[in-house]
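Coordinate analysis (summary)
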Amino acid sequence: MANMAALIVPGTSLGTPMVGRLCQKPGLVSRQLACNPIRNCRLPHVSRANRPRQLKVNAFAGGSFDAAIRENVSAKMERRNVYTGHDWVEHRSSLRFVRHLFSSFSSQTYRALLPAVGFLTFVAALAVHLNTPAGAALLASLPFQFPARLPMTIVNIPAAALSLLLVFRTNASYDRWWEARKLWGLLLNRSRDIVRQSLTYFAPQQTRLKNQFVRYVTAFNYALKVHLRANMNLDEDYRKDLTPILKPDELEAALGDPHPPLHILFMMSQIVQRADLRPIQGARIDENLTTFSDILGACERIIRCPIPLPYTRHTSRFLFLWLMAIPFAIVGDCGWLTIPVTAFVATALLGVEDLGVQIEEPFSVLAL
């Protein structure tokens with residue numbers, strides 16, 4: 001029973017909740033490995049370089065644009081960090097300003113914005129050209145009248161409304177991200193608690209049921225992670241994560257169900273029933289299983305219901321048209337500086353909008 005009690009750990013990372021002892025790998029501060037003494041095995045650690053990177057690619061997208069999307073998605077996987085004390089010291093260091101400034105050149109977010117920023121920079125260059133003698137001659141030759149400049153009022157009037165749209169978009173996305181983080185933290189706590197209950201309430205001779213129940217608690221967390229991220233090779237991801245945890249017959253039964261997390265919950269309920277516990281003990285374990293089900297439903301609500309699409313589309317269109325108007329409004333005052341100023345403003349504001357889009361779906365960002 002002493003070995004069984006060792007499964008209850010006082011603290012783990014934000015990563016997938018483990019019921020085994022947590023083993024810190026030297027030099028690795030953002031990833032932890034789990035060792036399960038019951039099965040005498042170690043769940044495999046997958047380095048960032050070897051993680052599968054799945055992405056649905058638009059067949060009609062250009063090469064550079066497609067590459068930017070791939071890099072952006074890969075960067076989201078690399079940012080699934082779990083902070084330690086050392087990370088927080090570095091995070092609040094006064095040198096962060098310089099560090100963040102120089103890391104801009106390698107920022108995956110900025111790289112993903114290159115197509116949009118490049119187009120707006122081209123619009124700025126066009127605005128500068130149209131305000132040269134050659135550009136004036138070109139405008140004079142057109143069969144219709146095209147303004148080379150716009151009054152600054154056209155940019156100033158919608159700026160307040162646009163800022164409100166961006167703030168609401170970012171706040172709504174952060175609320176979704178924070179709710180997902182709290183749900184996963186609750187799952188971690190309940191996983192520890194339900195393992196503690198099973199090891200305590202099950203009879204000493206029910207070692208096989210204890211082993212099976214602990215396996216299914218661990219498998220539920222991994223299955224929920226795969227279910228929420230739902231890459232293209234869903235069955236392959238389930239098999240990869242669950243094979244080191246479940247026995248072959250248990251694995252095939254879970255994969256044969258249309259909803260593996262629900263199947264695992266059902267199996268845990270059956271194990272509790274076979275354990276023939278006292279009513280109050282069974283009720284306490286069942287309360288945690290109900291919490292598992294509630295967490296599953298809440299996570300599915302987040303993943304299946306984005307911020308209303310008309311709001312996202314309207315914000316994106318409004319922002320982009322506004323940025324296209326800026327060069328024609330400031331070219332009279334800035335001259336050729338219109339080009340770098342437009343690129344800077346576009347990168348800043350499109351980055352804010354992209355930030356809201358990236359964290360709107362939190363499960364691909366969180367270190368589950």
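Sequence order as written defines residue numbering, which begins from 1 separately in each chain. Per-residue local features are limited, in this predicted model, to residues with pLDDT of at least 70; the limit for side-chain atom pairs, both in listing and counting, is 80 or more; totals at the level of whole chains, interfaces and linings are taken over all residues. Side-chain metrics in this entry use all non-hydrogen atoms of the structure; hydrogen atoms and water are not considered.

**Some thoughts on the overall build of the protein chain**
Helix and strand content of the protein chain: 14 helices and three strands. Within the protein chain, the fraction of its 368 residues that count as buried is 43%. Once local pairs closer than 6 in sequence are excluded, the contacts in the protein chain between residues at least 24 apart make up 73%. Within the structure as shown, the protein chain displays about 19800 Å² of accessible surface, and the carbon and sulfur contribution to it stands at 62%. The helix and strand labels rest on DSSP assignments: H or I over at least four residues marks a helix, E over at least two residues marks a strand, and numbering proceeds from the N terminus. Partly exposed residues are those whose accessible area sits between 20% and 50% of the maximum for their type, while under 20% is buried and over 50% is exposed, using a 1.4 Å probe and protein chains only. Contacts are residue-level and defined by heavy atoms, with any inter-residue pair within 4.5 Å sufficient. Using a 1.4 Å probe, accessible areas were evaluated by the Shrake-Rupley method; residue-level cover was limited to the displayed protein chains.

**Thoughts on unusual backbone geometry**
Notably, aspartate 276 is not glycine yet its phi reads approximately 55°, a positive angle. Along the chain, the position of aspartate 276 falls in the loop between helix 11 (260–274) and helix 12 (279–304). On the basis of relative accessibility, which here comes to 67%, the residue aspartate 276 falls in the exposed class.

**Things to note about the confidence of the model for the protein chain**
A residue's pLDDT is simply how confident the predictor is in it, with values from 0 to 100. Looking at the protein chain as a whole, the pLDDT averages 80, with 78% of positions reaching at least 70. Note on residues 1–65: pLDDT is under 50 here. Beyond four places in sequence and across chains, it has 135 contacts.

**What to know about a nonpolar patch on the surface**
Note on patches: the residues involved have over 30% relative accessible area and no salt bridge, like charges join within 9 Å, and the nonpolar side chains Val, Leu, Ile, Met, Phe, Trp and Tyr join within 5 Å. Within this document, salt bridges are pairs made up of a side-chain nitrogen of Lys or Arg and a carboxyl oxygen of Asp or Glu, the two lying within 4 Å of each other. Among the surface-exposed residues, Phe97, Val98, Leu101, Phe102 and Phe105 lie close enough to one another that they form a single nonpolar patch of about 640 Å² accessible area. By secondary structure assignment, the location of leucine 101 is in helix 4 (residues 96–102).

**Some thoughts on the pattern of salt bridges**
Evaluation of the coordinates by the stated rule reveals eight salt bridges. The residue glutamate 179 makes a salt bridge to arginine 301 at a minimum N-O spacing of 2.6 Å. Of this pair, glutamate 179 sits in helix 7 (residues 152–201) while arginine 301 sits in helix 12; the two residues are 122 residues apart in sequence, bridging distant segments of the chain. By relative accessible area, arginine 301 is classed as partly exposed at 44%. A salt bridge links arginine 239 to aspartate 235, with the shortest nitrogen-to-oxygen separation between them at 4.0 Å.

**Notes on helix 7**
Taking 1.5 Å of rise per residue, the 50 residues of helix 7 would be expected to cover 74 Å, and the 73 Å separating its terminal C-alpha atoms lies within 8% of that figure. A maximum bend of about 40° is found in helix 7 at alanine 159. To estimate how far a helix should reach, multiply one less than its number of residues by 1.5 Å. We define the bend at any residue as the angle between the axes fitted to the seven residues before and including it, ending there, and the seven starting there.

**Regarding the side chain of glutamine 206**
Looking at where glutamine 206 falls in the secondary structure, it is placed in the loop between helix 7 and helix 8 (207–229). N or O atoms closer than or at 3.5 Å make up a polar contact, with two conditions inside protein: a donor-capable atom paired with an acceptor-capable one, and, for residues adjacent in sequence, both atoms drawn from side chains. For glutamine 206, the side chain forms a polar contact with the main-chain oxygen of alanine 275, separated by 3.1 Å. What glutamine 206 contacts, discounting residues up to four positions off in sequence, is Arg274 and Ala275.

**Topic: the packing of helix 7 against helix 13 (residues 309–334)**
Remark: helix 7 packs on helix 13, axes separated minimally by 10 Å, with the N-to-C direction vectors making an angle of 150°. Viewed along their axes, helix 7 and helix 13 adopt a mutual orientation that is roughly antiparallel. Crossing of helix 7 against helix 13: the hand is left-handed. Of helix 13, the residues touching helix 7 (which contributes Met152, Val155, Pro158, Ala159, Ala161, Leu162, Leu164, Leu165, Leu166, Phe168 and Arg169) are Tyr311, Thr312, His314, Thr315, Phe318, Leu319, Trp322, Ala325, Ile326, Ala329 and Ile330. Here the residues of the contact of helix 7 with helix 13 sort into 18 nonpolar, three polar and one charged. Convention adopted: a line fitted to C-alpha atoms gives each axis, helices being fitted over their contacting stretch, and angles between N-to-C directions are expressed from 0 to 180 degrees. For classification purposes, angles smaller than 35 degrees are called roughly parallel, those larger than 145 roughly antiparallel, those between 65 and 115 roughly perpendicular, and all remaining angles oblique. Crossings are classed by handedness, with left-handed meaning an anticlockwise turn of the near helix from the far one by less than a right angle and right-handed meaning a clockwise turn. Only Asp, Glu, Lys and Arg are considered charged, only Ala, Val, Leu, Ile, Met, Phe, Trp, Tyr, Cys and Pro nonpolar, and every remaining residue, Gly among them, polar.

**As for the nonpolar core**
For our purposes a nonpolar core is just a set of buried Ala, Val, Leu, Ile, Met, Phe, Trp, Tyr and Cys residues, chained together by side-chain atoms within 4.5 Å. Core analysis: the biggest nonpolar cluster contains 47 residues, and Phe202, Phe213, Met268 and Ile285 have the highest contact counts within it. For this core, the elements supplying multiple residues, two or more each, are helix 7, helix 8, helix 9 (234–242), helix 10 (248–255), helix 11 and helix 12. Ranked by residues supplied to this core, first place goes to helix 8 with twelve residues. Setting aside residues up to four positions removed in sequence, phenylalanine 202 forms contacts with Gln197, Leu209, Lys210, Phe213, Ile271, Ala275, Leu277 and Ile285.

**Quick notes on the environment of glycine 185**
Structurally, glycine 185 can be placed in helix 7. Judged by its relative accessible area of 14%, glycine 185 falls in the buried class. On a C-alpha basis, the gap between glycine 185 and leucine 368 in space is 9.8 Å, while along the polypeptide they are 183 residues apart.

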